[in-house]
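Examination of the molecular architecture
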Amino acid sequence: MQGREGRLDPVTFEVLKNAFVNLVDQMSEQILRTCYSFVIYCRDFSNALCDARGNTVMQGSQDIAVHVGTLHFTAKAVLDAFADDLHAGDVYLINDPYLGGTHFCDVRVIRPVFVDGELIALLQSNGHWADVGGSVPGSFNIVARDHYGEGMRIPPVKVWDRGVYRKDVAGLLAANMRLPEDRLGDLRAQAEATKVGERRLLELIRKYGKETVLEAFRECQDYVERVVRAQLAELPRGSWETEDYIDADPTAGEGMIPIKVKLSITEDGIHYDMTGSHPTINCFLNSGYGATYSAVIAGTKTFFPQVPLNSGFYRVVTAYAPEGSVVNAPHPVAVTGFCSGAYEKVMNSIFELWSNLMPERALACSFNLEYLLIGGWDLRPGYGAFFMWYDWMSGGWGARSAKDGSNATAPVFGLGLSIQPLEGQERLCPVVTTKHELVTDSGGPGRFRGGCGVEKGGVLMQAERAVISYCCDRARSVTWGILGGLPSIPHGAWLNPGRETERYLGAVFSAVPIQPGDAFTRPSAGGGGLGDPLERDPQRVLEDVVDGYVSIERAKKDYGVVVRAVDPEVCEYEVDLGATKREREWIRERRLGWLAEDPESVRQRWLRNEIDVLDAIRRHGVIFDWGAKTVLPRTTEQFRAMLRRRAAAHWDGNTASREAGSTR
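None of the values given here were measured: they were computed from a predicted structure.

Moving on, we get to the nonpolar core. Counting residues in each nonpolar core, the largest one holds 124 residues, and the members touching the most others are Phe 20, Tyr 272 and Trp 354. Ignoring sequence-local partners within four residues, the contact set of Tyr 272 consists of Val 261, Lys 262, Leu 263, Val 296, Thr 300, Val 317, Thr 318, Ala 319, Tyr 320, Ile 350 and Trp 354. By size, the runner-up hydrophobic cluster in this structure holds 52 residues, among which are Leu 530, Ala 616, Trp 626 and Leu 632.

Before going further, it helps to spend a moment on the sheet that holds strand S11 (residues 317–320). Spatially, the 4 strands line up as an open sheet ordered S8-S9-S10-S11, and their pairing is mixed. Here the strands that pair on one side only, and so sit at the sheet edges, are strand S8 (238–246) and S11. Averaged over all neighbouring strand pairs, the angle between strand axes comes to 20°, with direction disregarded. Running at roughly 140° to S11, helix H7 (residues 289–301) makes contact with strand S10 (270–273) and S11 of the sheet. Docked against the sheet, helix H9 (residues 342–357) engages S8, strand S9 (257–265) and S10, running at close to 145° with respect to S8.

Moving on to the sheet that holds strand S19 (residues 508–514). Ordered in space as S13-S12-S16-S19, the 4 strands form an open sheet in which the pairing is antiparallel. Every interior strand has two partners, whereas the edge strands, strand S13 (385–392) and S19, have only one. This sheet shows a mean twist of 15° between the axes of neighbouring strands, independent of strand direction. Pairing analysis gives 7 bridges linking strand S12 (residues 371–378) to strand S16 (residues 463–471), with the strands arranged antiparallel. Across the sheet, Tyr 371 pairs through a bridge with Cys 471, a residue of S16.

Interaxial distance between helix H1 (residues 10–34) and helix H5 (residues 180–208) falls to 8 Å at its minimum, and their mutual angle equals 155°. If you check the angle between H1 and H5, you find them roughly antiparallel. In the crossing of H1 with H5, the sense of the turn from one axis to the other is right-handed. Seen from H1, the contacting residues are Thr 12, Val 15, Leu 16, Ala 19, Phe 20, Leu 23, Gln 26, Met 27, Gln 30, Ile 31 and Thr 34; seen from H5, they are Gly 185, Ala 189, Gln 190, Glu 192, Ala 193, Thr 194, Val 196, Gly 197, Arg 200, Leu 201, Leu 204 and Tyr 208. For the contact of H1 with H5, the per-class residue count stands at 13 nonpolar, 8 polar and 2 charged.

Attention shifts here to the pairing of S13. Both faces of the sheet carry side chains from a regular strand, because those side chains alternate between them. The element S13 is extensively covered by neighbouring structure, given that 6 of its 8 residues are classed as buried. Sheet topology places S12 next to S13; 8 bridges connect them, and they run antiparallel. Bridge pairing in S13 places Gly 376 opposite Phe 387. Where S12 folds back on S13, the antiparallel hairpin that results is connected by 6 residues, among which Gly 382 adopts a positive phi of roughly 90°.

Put simply, the largest pocket is a space of about 660 Å³. Taken together, 24 residues make up the lining of the largest pocket; nearest its centre are Ala 298, Lys 301, Thr 302, Pro 305 and Leu 415. Secondary structure elements with two or more residues in the lining of the largest pocket: strand S2 (56–59) and H7. Of the residues that constitute the lining of the largest pocket, the class distribution is 14 nonpolar, 5 polar and 5 charged.

This part is about the pattern of salt bridges. Tallied over the entire structure, the rule returns 50 salt bridges. Among the charged side chains, a network of salt bridges with common partners joins Glu 553, Arg 554, Lys 557, Asp 558, Asp 612, Asp 615 and Arg 618.

Now for the packing of aromatic side chains. The tally for this structure, following the rule as stated, stands at 27 aromatic pairs. Ring plane angle 55° and centroid distance 6.2 Å describe the contact between Phe 303 and Phe 351, whose orientation is recorded as tilted. Here Phe 351 lies in helix H9 and Phe 303 lies in the loop between H7 and helix H8 (311–316), a separation of 48 residues in the sequence. The buried category is assigned to Phe 303, whose relative accessible area is 1%. On the basis of relative accessible area, Phe 351 is assigned to the buried category, the value being 0%. Ring pairing ties together the aromatic residues Phe 140, Phe 284, Tyr 371, Tyr 390 and Trp 392, which thus form one cluster. A cation over a ring is seen here: Arg 380 above Tyr 383, with NZ or CZ 3.8 Å from the ring centre. Note that Arg 646 overlies the ring of Trp 480, its terminal NZ or CZ placed 3.6 Å from the centroid.

Empty space among the atoms becomes visible once a probe the size of a water molecule is rolled across them. The final tally for this structure, using the stated rule, is 4 cavities of 30 Å³ or more. Contributing elements (two or more residues each) for the lining of the second largest cavity: helix H12 (552–559), helix H13 (577–594) and helix H15 (613–619). Considering each element in turn, the lining of the second largest cavity owes the most residues, 3 residues, to H13. Here the residues of the lining of the second largest cavity are counted per class, giving 6 nonpolar, no polar and 5 charged.

Within the element layout of this structure, Trp 651 appears in the segment after helix H16 (633–646). Sequence separation between Trp 651 and Arg 591 is 60 residues; the distance between their C-alpha atoms is 9.7 Å. Contact partners of Trp 651, with chain neighbours within four places excluded, come to Gly 484, Leu 486, Asp 532, Pro 533, Arg 591, Leu 592 and Leu 595. In terms of polar contacts, Trp 651 uses its side chain to reach the backbone carbonyl oxygen of Gly 484, at 3.0 Å.

Moving on: the side chain of Asp 247. Within the secondary structure, Asp 247 is located in the loop between S8 and S9. One buried charge, Asp 247, has no salt-bridge partner; the nearest side chain with opposite charge is Arg 476, at 5.5 Å. At a separation of 3.0 Å, a polar atom in the side chain of Asp 247 contacts the main-chain amide nitrogen of Arg 474. Here the side chain of Asp 247 touches Arg 476 through a polar contact of 3.1 Å, landing on its backbone nitrogen.

Conventions used here
- Residues numbered from 1 in each chain as written.
- Predicted model: local features only at pLDDT ≥ 70, side-chain atom pairs only at ≥ 80, totals over all residues.
- Heavy atoms only, no water.
- Core = buried A, V, L, I, M, F, W, Y, C linked by side-chain atoms within 4.5 Å.
- Buried < 20%, exposed > 50% of the residue type's maximum accessible area, 1.4 Å probe, protein only.
- Contact = heavy atoms within 4.5 Å.
- Pairing = 2+ DSSP bridges.
- Helix = DSSP H or I, 4+ residues; strand = E, 2+ residues; numbered from the N terminus.
- Axes fitted to C-alpha atoms, helices over the stretch in contact; angles between N-to-C directions.
- Parallel < 35°, antiparallel > 145°, perpendicular 65-115°, else oblique.
- Left-handed = near helix turned anticlockwise from the far one by under 90°.
- Nonpolar A, V, L, I, M, F, W, Y, C, P; charged D, E, K, R; others polar.
- 1 Å grid on protein atoms, 1.4 Å probe; cavity = no way out; pocket = protein on both sides within 12 Å on 5 of 7 lines; lining within 4 Å.
- Points joined across faces, edges and corners; volume = space filled by probe spheres on them.
- Salt bridge = Lys/Arg side-chain N within 4 Å of Asp/Glu carboxyl O.
- Phe/Tyr/Trp six-rings, centres within 6.5 Å; stacked < 30°, edge-to-face > 60°.
- Lys NZ or Arg CZ within 6 Å of the ring centre and 35° of its normal.
- Polar contact = N/O pair within 3.5 Å; in protein donor to acceptor, adjacent residues only side chain to side chain.
- Lys, Arg positive; Asp, Glu negative; His and termini not counted.

Interpretation in functional terms is not warranted from these geometric data alone.
See below:
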């Protein structure tokens, strides 16, 4: 039902609402200062205050985006499992993605809070443990078909019983994970964070009284629901739909995996339907329902930035994801890589759909989350232990309605993540970073340019039994633009680049053996462009060239802007306006034809160095197997259809398809 006006006076309500945010933020500060995992230290965690029914009352101001929309599921799972056996001093553990969690590495610690013998709240701390067992260091096994190859599945389990630490239970779990001392350290840090939250909550109850605080729990949720519904009342009713893709099922041949998202705005609220999405695939890029709902919430919340996040928001938003599909994988289907697979495809699709409804907040596709993991035995003097180098990168966000996309920003999956400091990584692991810089031409061209991605390279030093794994995507479903904008660059990692042993490993692989001295590199994509790139102000293109965001060559090819280098050493360039006008007319006359050119002919031109990879993608819509250098026919067909719908349909003032996907 719709939120009602509260019984609390406005001042008390506002004070307690903000006190709840502060309470959760203090939990975050506690875990930040006491965690053992470098991953958690770099802010891959979240916390929440839930009411006695498990509904989220408040999340913090810096929680990682992917965890939102799931913490109430795991709170309710604990309540269901221990309904008659919850006591003051109990602490529970859960990481089960089939009970509403995300993936096995996200381990939630939950503490019930009692006042006068009455359960009044649950406090939850969720952290990404760098390893939870399984067959691959870091617990990211791309070839896993079920969860047994991914790591420990922890259903609700009691780790503190009325304040007594159950060392046997914790030890059993940690013994099946790499670096068990770190895992137990993270457990203690998260448990202490919930204790901090409990102390702060009891202080509020002593000051304001139990009934007032519990009323504030209810009114915080009602308030969020009321604000969102009021904004919805100003929006049109109707339905809009789109689709995005996972690159491939590695066991099923060539062709991208469709994920369909339909958004409907009705009198009742916001409804999503993912009917038509592909069945589960034989790798770990599937998503459980909880993680998919998280993508729905995080994507929608992007367009409602003014409201706090709690279960009041969830009253307005529903999502149907067919069981057995890549967006609702049942037990025991592998789901650890959901973050790079189905999750961000749903989230970016939602960005596109809401861009139709709120064009002032339009946002093109952003780069895909990626994790590169190296695990092995550290041979450096004084170490002699197992190590886990666990790295993610920043990248480019999609262009916005009136602005370029953000450069080198945390992924939409992980808003709140910090980029890991290289010095810390090198102290903890025998891996030295050799390159970390913005990638020129990685921002998708458009009237507004996508943000630029980053390239990061490194080399393995003193180690043995080391393997490298990569969880990513969009080597084929390249980060796309909207409303006429063009794509970014493909993802993928290279081993020993520039050497005789150079090898393209792809965007998803696991447990590839590497030796000391082996080097690796990979780029993160930029964001997609927004609007026709031939409509971009030539002066802005010139500024991009000066800043190193766009090369002179691609200024001409993508934007039709002819830039002349006057004195590159002092960054002095100028635009040839006459040549630019001619170049733009030449591109306009030919670009629809480029999308119809025979893909094999495009490949031959690429092999003869007549065109480059970005020409193949942005002009011709042709996708190759980047290692084998062969055309992917079905993938190219799908990619071209996407490019025609999102880009070509909006060129030259073509408005016929500007609301493509609308079924209003």
